Amino acid sequence: MSKMDNTKDLNSLKKNYKEFENILKILLIIGIVIISGFIIYALLTPEPGYWYLGILNSDKKAEDYPTNAAVDDNITFYISVGNYLNRDFSFRIEILQGNNDTVLGPFPSINATSYINSSTITLPHGENWISSAFNVSFSQVGTNQIIIAELWENPSVGIRRFYDVVTMKLNITS
């Protein structure tokens, strides 16, 4: 190889290196822009809202629920609702009674009997609500008797919507 060929190869290598350097700079700038976009999106997008629905015992605690009761005994409990939906939440609570034939799931209860309905409550974002005491009694003996609390949204405009369900199972004796 002559000195001239070496010089041409060296110049070609330098030229290729400069082109690679320019492409790398452009790719880095594009990467920084994309990552910055993701960061801005994450910072400006509000967290999705949520709610909670719970049953509290007669002492207003989420523990030591009754599992047995006699016919016509009052079972006392409270319902709690928390609103973190990033908006006001108008709802009502429906208390139902069920048994082994009751179908439960992420939908309104099937084969259950409505027992009590609350009035519509409007709860601002970030607030929690605890009901007055609910008293439910059963008139028949049976295992797996169920107290069901359903949470329904009652918007001022639009159709009411089922949100959630919680249950308490009891064995009713004579």
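Residues numbered from 1 in each chain as written. Predicted model: local features only at pLDDT ≥ 70, side-chain atom pairs only at ≥ 80, totals over all residues. Heavy atoms only, no water.

Trainee: Help me out: how do you make sense of the nonpolar core in this one?
Mentor: What tends to happen in soluble globular proteins is that the nonpolar side chains get buried as a cluster. Of all hydrophobic cores here, the largest spans 26 residues; its most connected members are F77, I79, V81, F91, I93, I95 and I147. Listing elements by their share of this core, those giving two or more residues are β1 (50-56), β3 (75-84), β4 (89-98), β8 (121-123), β10 (134-136), β11 (142-153) and β12 (161-173). Among the elements that take part in this core, β12 stands out by supplying five residues, more than any other. Once residues lying within four places of it in the same chain are set aside, the contact partners of F91 are V81, S119, T120, I121, L123, W129, L151, W152, E153 and N154. Counting six residues, the second largest nonpolar core, distinct from the first, contains L96, I148, W152 and F162. (Core = buried A, V, L, I, M, F, W, Y, C linked by side-chain atoms within 4.5 Å. Buried < 20%, exposed > 50% of the residue type's maximum accessible area, 1.4 Å probe, protein only. Helix = DSSP H or I, 4+ residues; strand = E, 2+ residues; numbered from the N terminus. Contact = heavy atoms within 4.5 Å.)

Trainee: Even after reading the chapter, I still don't get a nonpolar patch on the surface, so can you show me in this structure?
Mentor: A contiguous nonpolar patch, built from I23, I26, L27, I30, I34 and F38 and spanning about 620 Å² of accessible area, is present on the exposed surface. Mapping L27 onto the fold places it in helix α1 (residues 3-44). The exposure class of L27 is exposed, given its relative accessible area of 53%. (Patch = residues over 30% accessible without salt bridge, like charges linked within 9 Å, V, L, I, M, F, W, Y side chains within 5 Å. Areas by Shrake-Rupley, 256 points an atom, 1.4 Å probe, with all protein chains shown as cover. Salt bridge = Lys/Arg side-chain N within 4 Å of Asp/Glu carboxyl O.)

Trainee: Is there a simple way to think about the packing of aromatic side chains in this case?
Mentor: For any pair of aromatic rings, the description consists of the separation of the ring centres together with the inter-plane angle of the planes. Across all of its chains, the model carries seven aromatic pairs by this definition. Residues Y50 and Y84 carry aromatic rings whose centres are separated by 5.1 Å and whose planes lie at 20° to one another, so their mutual orientation is stacked. Of this pair, Y50 sits in strand β1 while Y84 is found in strand β3, placing the two residues 34 residues apart along the sequence. Each ring, one from F89 and one from F91, has its centre 5.4 Å from the other, and the planes form 25°; the classification is stacked. (Phe/Tyr/Trp six-rings, centres within 6.5 Å; stacked < 30°, edge-to-face > 60°.)

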